[in-house]
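Close look at the chain arrangement
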Amino acid sequence: MVRPRVGVAAARDLAESLLTDLPLRWAHTAGVARRAAELCATMDAADRDRVVTAAWLHDIGYAEPVIDTGFHPLDGARFLRRSGWTARISALVAHHSGACYVAEVRGLHHELAEFPRELSPVADALTYADQTIGPDGTRVDVRARMAEMLARHGATSDNARVHHLRAPDILAAAERVEHRLRGAEQFTTA
């Protein structure tokens, strides 16, 4: 039996080992992990390590040794599952940033369904962290990030084809996170 792997340090080490040959992807991943750590105040203490762990691992599906289908959320999640990571971390990676919409147009929705989609502050924070960090690891606005992604992938890309579905989902997650952040700030200043 494979023992479940857990922990921020193990996630960081794995991401580093897989992504340092992709310098922009590594910069983005490190930025997303930093941003996720900043969002920990928006969730229960028990979930704080989970969101940072998932942030470190969210893009490992871009690494050559991990690529199978060419759809990075699914490839990363399957790799994590095979490697003994928890089902929850694998599922968070599988579904980050509206992956279900892109999976549909790629014909991979049944495969992605191997992983349950979580609707929670943790899933929201992972998407928000990913969508507020640009490809080079710098902080950006959610709408600017989506515009950059569409420009980078092109008007006929799978991302563009589902943007009308995916964008409202991402923006709703961003609004929920920002609402929770405002609540957390009010709580700490009271």
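Residues numbered from 1 in each chain as written. Predicted model: local features only at pLDDT ≥ 70, side-chain atom pairs only at ≥ 80, totals over all residues. Heavy atoms only, no water.

Some details on the UniProt feature "domain: HD" (unreviewed entry) in the protein
Mapped onto this numbering, the UniProt entry gives "domain: HD" (unreviewed entry) at residues 25–130. The span residues 25–130 is 60% helical and 0% strand by assignment, and the distance between its end C-alpha atoms comes to 12 Å. (UniProt positions renumbered as here; feature names shortened; annotations may be inferred. Helix = DSSP H or I, 4+ residues; strand = E, 2+ residues; numbered from the N terminus.)

Some remarks on the nonpolar core
Counting residues in each nonpolar core, the largest one holds 43 residues, and the members touching the most others are Val51, Leu57 and Ile60. When residues of this core are traced back to their parent elements, those giving at least two are helix H1 (8–19), helix H2 (23–38), helix H3 (48–57), helix H4 (72–82), helix H5 (87–94), helix H8 (121–131), helix H9 (142–153) and helix H11 (163–189). Apart from residues lying up to four places away in sequence, Val51 is in contact with Ala36, Cys40, Met43, Val122, Ala125 and Leu126. Phe71, Tyr101, Ala103 and Phe115 belong to the second-largest nonpolar core, a separate cluster that totals 14 residues. (Core = buried A, V, L, I, M, F, W, Y, C linked by side-chain atoms within 4.5 Å. Buried < 20%, exposed > 50% of the residue type's maximum accessible area, 1.4 Å probe, protein only. Contact = heavy atoms within 4.5 Å.)

With respect to the packing of H3 against H5
Geometry of a packed helix pair, given as the angle between the helix axes and the separation of the axes. Relative orientation of the contacting elements H3 and H5 amounts to 55°, with a least axis distance of 9 Å. Considered as vectors, H3 and H5 are oriented oblique to each other. Once H3 is placed against H5, the crossing between them reads as right-handed. Mapping the contact onto sequence places Arg50, Thr53, Ala54 and Leu57 in H3 and Arg88, Ile89, Leu92 and Val93 in H5. Of the residues belonging to the contact of H3 with H5, the class tally is five nonpolar, one polar and two charged. (Axes fitted to C-alpha atoms, helices over the stretch in contact; angles between N-to-C directions. Parallel < 35°, antiparallel > 145°, perpendicular 65-115°, else oblique. Left-handed = near helix turned anticlockwise from the far one by under 90°. Nonpolar A, V, L, I, M, F, W, Y, C, P; charged D, E, K, R; others polar.)

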